[in-house]
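Overview (structure and organization)
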Amino acid sequence: MEVAGFRIPEEVVGIREDIRSMRVRGAGRIARYGATALALAAERFPGGTLEEFVKYIEVVADFVRSARPTAVSLPNAVSYVVSRLKRGRPQTVEEAREMVVRAAREFVAYSENAVKTIAQLGARRIERGDTLMTHCHSTASVAVIVEAHRQGKVARVFVKETRPAFQGLITARELAREGVEVVLIPDSAVRHYMKRIDKVVVGADAVAANGAVVNKIGTSLVALAAKEARARVYVASETYKFSPYTIIGELVPIEMRDPTEVVEREWLAENPGVEVLNPVFDVTPPEYIDAIITELGVVPPQAAALILIEEYGVTPVSPELHSSYLDPG
Amino acid sequence: MEPGCAEALTSYRRVLDEAREFKIPGSTEAAVEILRSLARALEGCRGDPRADLRELVYSAVDSRPTSQSIRNILYLFLDKLRRELRTPEAGGVPERLEHLVREVEDYVVGARETASELASRRVEDGDVVLTHSYSTTVLRLLSRARERGLRVSAYVTESRPGSEGKLMASHLWRSGVKTKLIVDSAVRYVIKDVDKVFVGAEAIAANGAVVNKVGTSAIALAAKEARVGVYVVSGLYKFGAETLFGDLVTIEEASGLEAEIPPERVAEIAPYLSRNLRLRSPLYDVTPPEYIDAIVTERGLIAPQATVYLARELFGWPRSRETLERVLTEVAPLWR
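Bear in mind the structure is a predicted one, so any value in this text is a computation, not a measurement.

**Quick word on the overall build of chain B**
Scanning chain B for helices and strands turns up 12 helices and 11 strands. A globule of 336 residues ought to have a C-alpha radius of gyration of about 20 Å, and chain B, at 21 Å, matches this closely. By sequence separation, contacts in chain B at least 24 residues apart represent 80% of the contacts at least 6 residues apart. Taken as a whole, chain B presents about 13500 Å² of accessible surface, with 50% of it coming from carbon and sulfur.

Following this line, the structure appears as structure tokens:
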């Protein structure tokens, strides 16, 4: 396949297709696949000048990113690699190739270890005898709770069932399997039980540049009830879930899903006048979040922009866009 | 012909079971059904030792301990009975109790109609309201607003456990209200679009706190955050008089929660259910008065903290402790 005058290697086309068709799922796996695609592309570079190499990598980067336009981890993985190439100021094609391959490997190892690091850092925030609450299912937040439990700190975890798809049951099972005392509650009981909660630990689907957390519907109500009851709220999230688009003002789209997730088909047929509104995510404002536990450290949500700029090379506003405002003629 | 005592008692127990299992939607409906059935049992069992008035009344209260309607409606009935028994010209125990039941019913139905009428005046054309659980009073007030030609649309929460929000949504759209059903978790997501929250009540405490279906307090909190008005629509017969003496309103625990989750999903957690994993939920929660803009009663739209002032006309002031118990103490011996 040829894109912008460059031949894209077969393996890279295959990886893009796997991501696009959702054969590869999960924020972490998509990200690792994306980084690997760039390493493969670098190794298969047919030859040319350094300038051509950089251009080629940028073309491949755009090609891979376009597999899932709304995913957050994929463009971050790609940017992670590309920004290290640009920052590295290579002198030869060989050096440049080396940089891309190294950055991609670094990212893969990094993301594989991210959850383990988050578990360690997060568990430090949990104190002996704490009663916790969690919502939905998140690998990172389960890892934090399990690690804290192994350290003998967790008294009990209230797990919200998380309608409509009941992902809370996955969390409940994973925690119970590790021996954690679990109380499964309906979502409506969040404020009733919040008085007993010391800390809330949830995951994230995306973190916006201002530190707002996009997560499963209901998260913002948990955070609000926690704020009211002065329970702490921690979001466990790998940094590649920080959304690069939001820094240029894009809103994170909130997907509406099928009504049959909420009510049975027969009920819908009997009640044609009722619209079932089924938003998947909601947005928790940064002021309700005490900290985001990332593999890079426990950071205030407001530091999200710092991570996007420093780790993923996201420029707040591109120089071209900036100058177009300065010089509208 | 009077029904036999045994038959009347069996039927009374059945009504209590239905109330306990929430087969009668709405706490007022449940209370009125219980009262009618109690009166039939008393008529059919005069002088019969199988029918102990005190036991009959308390088993009704215990069928739904959070419900103040049941406690208060039975109290109002017994209070009327006591007055009748005390009247010198009464000539003893009345043969029939229908007229007393009707007086209480008339008051209760009238109170609810008036409260829903007053609350409907708060609805403005084009309003988007949010409601929770199933409430006949809220249903009435929105229907009234519709009858007046106002355009109203409503968000209804599913209201787990029990999911009676689905029934509410079904009834609402049939009465001409544009209705959207959401999961309980979506409340904060939609609240910015909402103009007013209307809910019913299971009990109102002396300090103005409202006990209602679990989830109500989180809705009120989200509404407060978004500066959306919260209105509780309730007859004064839901006032929890015992709370004046420091008693807490009993909050019932839900049972049979496994049945509310698809069986294939319960299977995922089944191995841990008898061990370190439990399913729990209260049926009700407490919304503090500061999250409530007004309680709309048959005597007017008032601050939640002022409910005690209006309720004194119904239950007397200064009050003596344990009114239900006291009236039973007086009536039970006379009834024999």
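**Focus on the overall build of chain A**
On a plain count of helices and strands, chain A comes out with 12 helices and 13 strands. The C-alpha atoms of chain A give a radius of gyration of 22 Å, which matches the 20 Å a tight globule of 329 residues would have. For chain A, the spread of C-alpha atoms along the principal axes amounts to about 65 × 50 × 45 Å. Taking the contacts inside chain A whose residues are at least 6 apart along the sequence as the reference set, 76% of them involve residues at least 24 apart. Accessible surface, chain A: about 14100 Å² in total, of which carbon and sulfur atoms supply 50%.

**Some details on the interface of chain A and chain B**
Facing 58 residues of chain A, the contacting portion of chain B comprises 49 residues. Taken together, the connections running from chain A to chain B amount to four salt bridges. Between Glu264(A) and Lys166(B) there is a salt bridge, with its nearest N and O atoms 3.2 Å apart. Counting every contact that joins chain A to chain B gives 27 residue pairs in polar contact (both at pLDDT 80 or more).

**Concerning the sheet that holds strand β3 (residues 130–134) of chain A**
The strand order across the open sheet formed by eight strands is β13(A)-β12(A)-β9(A)-β6(A)-β3(A)-β4(A)-β5(A)-β8(B), and the pairing between neighbours is mixed. Strand pairing shows two members of the sheet lacking a second neighbour, β13 (297–299) of chain A together with β8 (277–279) of chain B, which therefore form its edges. On average, each strand axis in the sheet is inclined to that of its neighbour by 25 degrees, with strand direction left out of account. Of the strand pairs in this sheet, strand β5 (residues 182–185) of chain A and β8(B) are connected by three bridges, and their pairing is parallel. Bridging from a neighbouring strand, Val182(A) pairs with Leu277(B) of β8(B). Seen against the sheet, helix α10 (residues 263–273) of chain B touches β5 of chain A together with β8 of chain B and runs at an angle of roughly 120 degrees to β8(B).

**Focus on the sheet that holds strand β7 (residues 206–207) of chain A**
Residue and element names in this part refer to chain A. Spatial ordering of the open sheet is given by β7-β8-β11, a layout of three strands whose pairing is antiparallel. The sheet terminates laterally at β7 and β11 (281–284), the two strands that pair on one side only. Relative to β11, strand β8 (residues 213–216) runs antiparallel, the two sharing four bridges. Counted as the bridge partner of Asn215 is Asp282 from β11. Across the face of the sheet, helix α9 (residues 219–228) comes into contact with β8 and β11 while running at roughly 30 degrees to β11.

**Focus on the domain arrangement of chain A**
Residues and elements named next belong to chain A. Each assigned domain of chain A is listed here: domain 1 (2–113) and domain 2 (126–312). Computed over C-alpha atoms, the centres of domain 1 and domain 2 are 31 Å apart. Listed as interface residues are 19 residues of domain 1 and, on the opposing side, 16 residues of domain 2. Of all residues in domain 1, Val72, Asn76 and Tyr110 bury the most surface against domain 2, accounting for 44% of the area lost on that side. Applying the counting rule to domain 1 against domain 2 returns one salt bridge. Two residues, Glu311 and Arg84, come together in a salt bridge whose shortest N-O distance is 3.5 Å. Inspection of the region where domain 1 meets domain 2 yields six residue pairs in polar contact (both at pLDDT 80 or more).

**Section: the state of the cysteines**
In a disulfide, the sulfur atoms of two cysteines are held together by a covalent bond. All names here are of chain B. In the structure shown here, the tally under the stated rule is one disulfide over all chains. Sulfur-sulfur distance for the disulfide between Cys5 and Cys45 comes to 2.0 Å. Its S-S torsion of approximately 105 degrees makes the covalent link between Cys5 and Cys45 right-handed. Here the residue Cys5 occupies a position in helix α1 (residues 5–20), and Cys45 occupies one in the loop between α2 (27–44) and α3 (53–63), the gap between them amounting to 40 residues. No difference in accessibility class separates Cys5 from Cys45, as the two residues are buried.

**With respect to unusual backbone geometry**
Residue and element names in this part refer to chain A. A cis amide bond links Arg163 with the next residue in sequence, Pro164, at an omega value of 0 degrees. Inspection of the secondary structure puts Pro164 in the loop between β4 (154–160) and α7 (168–177). For Ala4, which is not glycine, the phi dihedral falls at a positive 50 degrees. By the secondary structure assignment, Ala4 is in the loop between β1 (2–3) and β2 (6–7). The phi dihedral of Cys136 is positive, around 60 degrees, even though this residue is not glycine. Structurally, Cys136 can be placed in the loop between β3 and α6 (139–150).

**Some thoughts on the nonpolar core**
Phe53(A), Met133(A), Met194(A), Phe77(B) and Val197(B) are the most contacted members of the largest nonpolar core, which has 193 residues in total. Not counting residues within four places of it along the chain, the set of residues in contact with Phe77(B) comprises Leu35(B), Leu38(B), Leu42(B), Leu97(B), Leu100(B), Val101(B) and Val104(B). Among the nonpolar cores identified, the runner-up in size contains 40 residues, and Val159(A), Leu169(A), Val180(A) and Leu184(A) belong to it.

**Topic: the pattern of salt bridges**
Residues and elements named next belong to chain A. For the structure on display, the rule yields 51 salt bridges over all chains. Put simply, Arg232 and Asp290 hold a salt bridge, and the shortest N to O gap is 2.9 Å. Taken together, the positions of Arg232 in strand β9 (residues 232–236) and Asp290 in the loop between β11 and β12 (291–294) put the pair 58 residues apart, joining distant regions of the chain. With a relative accessible area of 42%, Arg232 lands in the partly exposed category.

**So, the environment of Thr307(B)**
Residues and elements named next belong to chain B. Within the fold, Thr307 resides in helix α11 (residues 307–315). When the C-alpha positions of Thr307 and Lys23 are compared, they lie 29 Å apart, and in sequence the two are 284 residues distant. With near-sequence residues (within four places) excluded, Thr307 lies in contact with Ile204, Leu236, Phe239, Ile295 and Ile302.

**Describing helix α7 (residues 165–174) of chain B**
For α7(B), the complete set of buried residues consists of Gly165(B), Lys166(B), Met168(B), Ala169(B), Ser170(B) and Leu172(B). Turning to α7(B), the residues buried within the fold contact α10 (265–270) and β10 (274–276) of chain A together with β1 (128–131), α6 (136–147), β2 (153–157) and β3 (178–182) of chain B. One or two positions beyond α7(B), positive phi appears at Gly176(B), with a value near 90 degrees.

**Looking at the domain arrangement of chain B**
Residue and element names in this part refer to chain B. Entries for chain B in the domain assignment read domain 1 (5–112 + 320–335) and domain 2 (119–252 + 280–315). If you average the C-alpha positions of domain 1 and of domain 2, the two centres end up 27 Å apart. With 24 residues of domain 1 at the contact, the number on the domain 2 side is 26 residues. Between domain 1 and domain 2, a total of about 2100 Å² is buried, with carbon and sulfur atoms accounting for 55% of that surface. Notably, a salt bridge pairs Glu202 with Arg64, separated by 3.3 Å at the nearest N-O pair. At the boundary of domain 1 with domain 2, the tally comes to 10 residue pairs in polar contact (both at pLDDT 80 or more).

What counts, and where the lines are drawn
- Residues numbered from 1 in each chain as written.
- Chains lettered and ligands numbered in written order.
- Predicted model: local features only at pLDDT ≥ 70, side-chain atom pairs only at ≥ 80, totals over all residues.
- Heavy atoms only, no water.
- Helix = DSSP H or I, 4+ residues; strand = E, 2+ residues; numbered from the N terminus.
- Rg over C-alpha atoms; globule rule 2.2 N^0.38 Å.
- Contact = heavy atoms within 4.5 Å.
- Areas by Shrake-Rupley, 256 points an atom, 1.4 Å probe, with all protein chains shown as cover.
- Salt bridge = Lys/Arg side-chain N within 4 Å of Asp/Glu carboxyl O.
- Polar contact = N/O pair within 3.5 Å; in protein donor to acceptor, adjacent residues only side chain to side chain.
- Pairing = 2+ DSSP bridges.
- Axes fitted to C-alpha atoms, helices over the stretch in contact; angles between N-to-C directions.
- Domains from an automatic or database assignment.
- Buried area = accessible area lost by both parts, 1.4 Å probe.
- Disulfide = S-S within 2.5 Å.
- Buried < 20%, exposed > 50% of the residue type's maximum accessible area, 1.4 Å probe, protein only.
- Core = buried A, V, L, I, M, F, W, Y, C linked by side-chain atoms within 4.5 Å.

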